[in-house]
Amino acid sequence: MWFKQTINNACGLYGILHALSNGAARDMLEPNSLVTRLLETCSSLPPQERSLVLENSAELESVYEEVATQGISSIPDNAEDEVDFHYVCFVKSHKSGRLYELDGDRKGPIDRGVVVQPEEDVLAPGGLNAIREYIECEPGNTNFSLMALVCS
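Everything quoted here is computed from the prediction, not taken from an experiment.

Cut-offs applied
- Residues numbered from 1 in each chain as written.
- Predicted model: local features only at pLDDT ≥ 70, side-chain atom pairs only at ≥ 80, totals over all residues.
- Heavy atoms only, no water.
- UniProt positions renumbered as here; feature names shortened; annotations may be inferred.
- Contact = heavy atoms within 4.5 Å.
- Helix = DSSP H or I, 4+ residues; strand = E, 2+ residues; numbered from the N terminus.
- Buried < 20%, exposed > 50% of the residue type's maximum accessible area, 1.4 Å probe, protein only.
- Polar contact = N/O pair within 3.5 Å; in protein donor to acceptor, adjacent residues only side chain to side chain.
- Core = buried A, V, L, I, M, F, W, Y, C linked by side-chain atoms within 4.5 Å.
- Pairing = 2+ DSSP bridges.
- Axes fitted to C-alpha atoms, helices over the stretch in contact; angles between N-to-C directions.

K.L.:
Just to check I follow, could you spell out the UniProt feature "site: Important for enzyme activity" (unreviewed entry) in the chain for this structure?
P.N.:
Listed under "site: Important for enzyme activity" (unreviewed entry) in the UniProt record, and renumbered for this structure, are D103. Among all residues touching D103, those that are not within four sequence positions of it are W2, H18, H86 and V88.

Right under this line is the structure:
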C-alpha cells in the first residue's frame, strides 16, 4: 500500500505508515488501532483518496502532533517551510517478495528489481544492496539513517 504525501513536513509519518502497511508488520497491528482502522478504510481506495483520508483524520493529526513534538529535532515554525531531510521506506511485497521503495513524494511505488526470498527480510543481501545504491546516489552526504521494524 502506498500513500501520496500531501501533508507537508510529515515524511516521517508517511515512512512509518508505509512500513506498517506492508509486509509482516501489517499482521502485527492491534485490532481496532488507529493504523488498522486507517488501513481498512484506505485499502480499497485509489491513492488520491487515501491522501484525503489521512488529511481529514482528526485522530491522526492529534497523535502525530503529540509525538512529533517529543523528539529532539527542531520543528519548523511554519509547517509549509521546506526542510533538508526526508524519509522513504523499503518494503518487501508480501505477494511477490519484490523490494519496493515507497516515497510519498514520488508518483507511486518504485520496484527496485530485487526479489527477497521468503525466509529473508529487507536487510538480506539483495535488499541491503538496493539500500546502499540509494545512499551512494548522494556521495559525501552523511545525513542518512536506517530504521528497521523487528520482532522482539
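The rest of the description comes next.
K.L.:
So what exactly am I meant to see when it comes to unusual backbone geometry here?
P.N.:
With the exception of glycine, the majority of residues adopt a negative phi angle, and the majority of peptide bonds are in the trans configuration. For N9, which is not glycine, the phi torsion reads 55° and is therefore positive. Relative to the helices and strands, N9 resides in the segment before α1 (11-21). N9 gets classed as partly exposed once you look at its relative accessible area, which sits at 21%.

K.L.:
Could you clarify how one ought to interpret the UniProt feature "active site" (unreviewed entry) in the chain in this entry?
P.N.:
Look at the UniProt record and you will see "active site" (unreviewed entry) annotated at C11 and H86. For the residues just named, distributed over 76 residues, the greatest C-alpha separation is only 6.0 Å, placing them together at one site. Mapping C11 onto the fold places it in helix α1. On the accessibility criterion, C11 (9% relative accessible area) is buried. If we skip the residues at most four places from it in the chain, C11 touches Q5, F85, H86 and Y87. Structurally, H86 is set in the loop between α5 (58-68) and β1 (89-92).

K.L.:
Quick question: what am I supposed to make of the side chain of E101 here?
P.N.:
Within the fold, E101 resides in strand β2 (residues 98-102). At a separation of 3.0 Å, a polar atom in the side chain of E101 contacts the side chain of R112.

K.L.:
How should the nonpolar core be read in this particular structure?
P.N.:
Counting 17 residues, the largest nonpolar core has F3, L17, L38, L54 and L60 as the members making the most contacts within it. Sorting the residues of this core by element identifies α1, α3 (34-42) and α4 (47-55) as the ones contributing at least two each. Apart from the residues within four sequence positions on either side, F3 is in contact with Y14, L17, H18, S21, L39, C42, R50, L54 and G104. Among the nonpolar cores identified, the runner-up in size contains seven residues, and F90, L99, V122 and I131 belong to it.

K.L.:
Hey, could you run me through the sheet that holds strand β3 (residues 110-115) in this one?
P.N.:
Hydrogen bonds along the backbone pair up the strands of a sheet, which may run parallel or antiparallel. The three strands lie next to each other as β1-β2-β3, forming an open sheet whose pairing is antiparallel. Only two strands of the sheet have a single partner each, and these edge strands are β1 and β3. Pairwise comparison of adjacent strand axes, ignoring direction, gives a mean angle of 25° for this sheet. Summarising the sheet, β2 and β3 pair through three bridges and their orientation is antiparallel. Within β3, the residue paired with R98 across the bridge is V115. Sheet strands in contact with α1 are β1 and β2, and its direction is about 5° off that of β1. Strands β1, β2 and β3 of the sheet are contacted by helix α6 (residues 125-136), whose axis makes an angle of about 140° with β3.

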